[in-house]
Amino acid sequence: MAATELTFHNNIKLRVQAQIFLGRTLISTCLANPGEVCTLLAESSRYDIFFKNGATGRELARKLNNEANSLTLSLQNGRYILT
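The model shown is predicted, which means the values in this text are computed figures rather than measured ones.

A. View of the side chain of Asn53. Its place among the elements puts Asn53 in strand E5 (residues 47–53). Judged by relative accessible area, Asn53 falls into the buried class, the value being 14%. Here Thr56 takes part through its backbone nitrogen, which lies 3.4 Å from a polar atom of the side chain of Asn53. The contact partners of Asn53, leaving out residues within four places of it in the chain, are Leu14, Arg15, Arg58 and Leu60.

The structure is reproduced here in structure tokens:
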């Protein structure tokens, strides 16, 4: 099975942990400082991705059944959004 690469852009002022899950299994993780870009590998074309505050572990955003190759986390009107 070919691996899928996901590029994550952290555009908020927090350190963010990105985690890719396939079902209940953790596939890939990375920790991105503000303004950093990191690459995660997924074993499938569809996966769930969660973004958490790197200091507290509190969930900021999530995207279920994702198939995008690039995601950007940003803050708009006090809400964290994925584009």
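After presenting the structure, the write-up continues.
B. Representation of the sheet that holds E5 within the structure. With antiparallel pairing, the 4 strands of this open sheet are ordered in space as E3-E2-E5-E6. Edge strands, defined here as strands with exactly one partner in the open sheet, are strand E3 (25–32) and strand E6 (59–66). Strand-to-strand twist of the sheet, defined as the mean angle between neighbouring strand axes without regard to direction, takes the value 15°. Of the pairings in the sheet, the one linking strand E2 (residues 16–22) to E3 comprises 7 bridges and is antiparallel in character.

Rules and cut-offs
Residues numbered from 1 in each chain as written. Predicted model: local features only at pLDDT ≥ 70, side-chain atom pairs only at ≥ 80, totals over all residues. Heavy atoms only, no water. Helix = DSSP H or I, 4+ residues; strand = E, 2+ residues; numbered from the N terminus. Buried < 20%, exposed > 50% of the residue type's maximum accessible area, 1.4 Å probe, protein only. Polar contact = N/O pair within 3.5 Å; in protein donor to acceptor, adjacent residues only side chain to side chain. Contact = heavy atoms within 4.5 Å. Pairing = 2+ DSSP bridges. Axes fitted to C-alpha atoms, helices over the stretch in contact; angles between N-to-C directions.

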